[in-house]
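So the chains spell out like this:
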Amino acid sequence: MAGSGTAHLRDHDENVVLSVRNLVVEYPGPAGQRVYAVSDVSFDAVRGETIGLVGESGCGKSSVAKAIMQLPAPTSGSVEFEGVNVVGLKGKALRRQRRKMQMIFQDPISSLNPLRKVKDIIAEGLRIHDGRSKEEVAARTQEMIERVGLDPHTAPDRRPHEFSGGQCQRISIARAMVLDPEVIVCDEPVSALDVSVQAQIMNLLHDMKERYQITMVFIAHDLAVVKNLSDRIVVMYLGKICEIGTSDGLFSAPAHPYTRALAQSIPEPDPEAPILKAALTGDLPSPLNPPSGCRFRTRCPMAQDRCAAEEPAIREVRPGRFVACHFPIDEPALV
Ligand SMILES: Nc1ncnc2c1ncn2[C@@H]1O[C@H](COP(=O)(O)OP(=O)(O)O)[C@@H](O)[C@H]1O
Ligand code: SF4
Ligand SMILES: [Mg+2]
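Per chain, the residues get numbers from 1 upward, laid out in the order the sequence is written. To label them, take the chains in the order written and letter them from A, then take the ligands in the order written and number them from 1. Where totals are concerned, whole chains, interfaces and linings use all residues; where local detail is concerned, this predicted model gives features only for residues with pLDDT of at least 70, and gives and counts side-chain atom pairs only at 80 or more. Remark: hydrogens and water are excluded; side-chain values derive from all non-hydrogen atoms of the structure.

### Details of empty space enclosed by the protein
Over the atoms a probe the size of a water molecule is rolled, and this reveals where empty space is left.
Moving on, step 1. Residues are said to line a cavity or pocket when one of their atoms sits within 4 Å of a point; the points come from a 1 Å grid over protein atoms alone, cavities being sets where a 1.4 Å probe fits but cannot get out and pockets being open sets with protein on both sides within 12 Å along at least five of seven lines. Grid points are joined across faces, edges and corners, and a volume is the space filled by probe spheres set on the points. Summed over all chains, the structure comprises one cavity of 30 Å³ or more.
Moving on, step 2. Taken as a whole, the largest cavity holds about 90 Å³ of empty space.
Moving on, step 3. Taken together, 13 residues line the largest cavity, and the ones lying closest to its centre are C294, C300, C307, C325 and H326.
Moving on, step 4. Throughout, the ten residues Ala, Val, Leu, Ile, Met, Phe, Trp, Tyr, Cys and Pro are labelled nonpolar, Asp, Glu, Lys and Arg are labelled charged, and all others, Gly among them, are labelled polar. Looking at the lining of the largest cavity residue by residue, the class counts come to 10 nonpolar, two polar and one charged.

In structure tokens form, the structure reads like this:
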């Protein structure tokens, strides 16, 4: 992909809770170079919406997640929660906004303090952010322990190492939810779990989303995982956005060559179905020196001269479908 632009933002929708605009994340690289991890990424989410963020490992998903949470702040760009730009906020003002945004990490065990009891891990945010009494904190903590499906009698006084990966992810979810956040950023929350447990955690996240009307950014490296949970999907490649659209439409009729390659790599549930050849060849280019023009051009079967010379801007190619490609697939006229 890859393109820049903000044509897909819903600036005039008063239900927009999270608005990420022109986000840039760069790291110091070897020998004075720069790592261009995220290069002008914009997307938004309305209340209760789940945005799936997908792309290959190394495309910048976690960098986007951390920049949203200000852990650390991005190199440039803005992140607005309910109209307040949190980039550049410090101290009390940042803490007040942070309460509204929580993150669930990929590795549940290492994201929990091994020395603390489960009830203290979950209650920690309440103690920092809240003026509640001890009894209120205890009651709220106990409620969340039950709600995420942990044993309310034995779990509170145990420590993380006494739990499985799936149970630790339940603890992480309780820790995030106890603060009643507006937005949750889930960075590959099931990738480190056994396949048998993944569905349980996905179901729990789905329940939480429905029950609390949470706005969610759900990150995964394959489309199959985000497909059911997401309302809209943002496809990233090498630090930029390729395509944005509804979950169903994106899979059944991808407009960007990279989305099509990802869609074709989803394992077919029907064992009789013909096996698709690996749709994507070659490695992700280095973010130290991204290709000119469209960053996907070195792996794109449809690349032409223009793709090296000119970066494609994100534009609406079908109602509600936004694509950064000079030659999108099967482009019907806009009605
Ligand atoms: N702290 C860092 N310092 C230097 N490079 C980094 C750092 N964090 C991530 N990167 C690089 O930035 C790119 C994007 O990384 P990341 O956001 O973790 O991608 P993803 O989550 O999609 O796998 C990768 O090339 C990665 O190596
Ligand atoms: S056709 Fe060109 S612009 Fe479109 S994805 Fe391929 S290389 Fe990029
Ligand atoms: Mg990551």
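Let's pick the thread back up.
### Structural notes on the packing of aromatic side chains
Moving on, step 1. Aromatic contacts are taken between Phe, Tyr and Trp rings whose centres are within 6.5 Å, Trp giving its six-membered ring; a plane angle under 30 degrees counts as stacked, one over 60 as edge-to-face, and the others as tilted. What the rule picks out here adds up to three aromatic pairs.
Moving on, step 2. Between the aromatic rings of Y237 and F296, the centroid separation amounts to 4.9 Å while the plane-to-plane angle is 75°, which identifies the pairing as edge-to-face. One end of the pair, Y237, is in strand β9 (residues 232–237); the other, F296, is in the loop between α9 (257–264) and α10 (305–309), with 59 residues separating them in the sequence.
Moving on, step 3. Burial classification: accessible surface area is computed with a 1.4 Å probe over protein chains only, and a residue below 20% of its type maximum counts as buried, one above 50% as exposed, and the rest as partly exposed. You can call Y237 buried: its relative accessible area is 0%.
Moving on, step 4. Note on F296: relative accessible area 1%, which makes it buried.
Moving on, step 5. A ring pair is formed by Y258 and F296, whose centres lie 5.1 Å apart and whose planes are at 65°; its orientation type is edge-to-face. In this pair, Y258 is assigned in helix α9 and F296 in the loop between α9 and α10, connecting sequence segments 38 residues apart.
Moving on, step 6. Judged by its relative accessible area of 0%, Y258 falls in the buried class. Runs of E in the DSSP output that reach at least two residues are strands. Runs of H or I that reach at least four are helices, and both are numbered from the N terminus.

### Side note on unusual backbone geometry
Moving on, step 1. Looking along the chain, the bond that leaves L71 and enters P72 is cis, with omega of 5°.
Moving on, step 2. Residue position: P72 is located in the loop between α1 (61–69) and β4 (76–81).
Moving on, step 3. If you check the backbone angles, N22 has positive phi at about 50° while not being a glycine.
Moving on, step 4. Relative accessible area serves as the criterion here: at 30%, N22 is assigned to the partly exposed category.
Moving on, step 5. Unlike most non-glycine residues, E188 shows phi in positive territory, near 50°.
Moving on, step 6. When you line up the elements, E188 lands in the loop between β7 (183–187) and α6 (195–212).

### Side note on the site of ligand 1
Moving on, step 1. Surrounding ligand 1, one finds Y27, V35, A37, E56, S57, G58, C59, G60, K61, S62, S63 and P287.
Moving on, step 2. Identification of polar contacts relies on pairs of N or O atoms within 3.5 Å, with a donor-acceptor requirement for protein atoms, meaning one able to donate a hydrogen and the other able to accept it, and with residues adjacent in sequence counted only if both atoms are side-chain atoms. Here an oxygen atom of ligand 1 sits 3.2 Å away from a polar atom, N or O, in the main chain of C59.
Moving on, step 3. Residue S62 places a main-chain N or O atom 2.8 Å away from an oxygen atom belonging to ligand 1.
Moving on, step 4. For every accessible area listed, the method is Shrake-Rupley and the probe measures 1.4 Å; residues are considered covered only by the protein chains on display. Notes on ligand 1: free accessible area 560 Å², of which the protein chains cover 64%.
Moving on, step 5. At the level of secondary structure, the elements contributing two or more residues to the shell around ligand 1 comprise β2 (34–46) and α1.
Moving on, step 6. The biggest single contributor to the shell around ligand 1 is α1, with three residues. Definition of nearness: a residue and a molecule or strand are near each other if at least one heavy atom of the residue lies within 4 Å of the molecule or strand.

### Section: α1
Moving on, step 1. The element α1 is largely enclosed, with a buried count of seven among its nine residues.
Moving on, step 2. Positioned one or two residues after α1, Q70 has a phi angle of 65°, which is positive.

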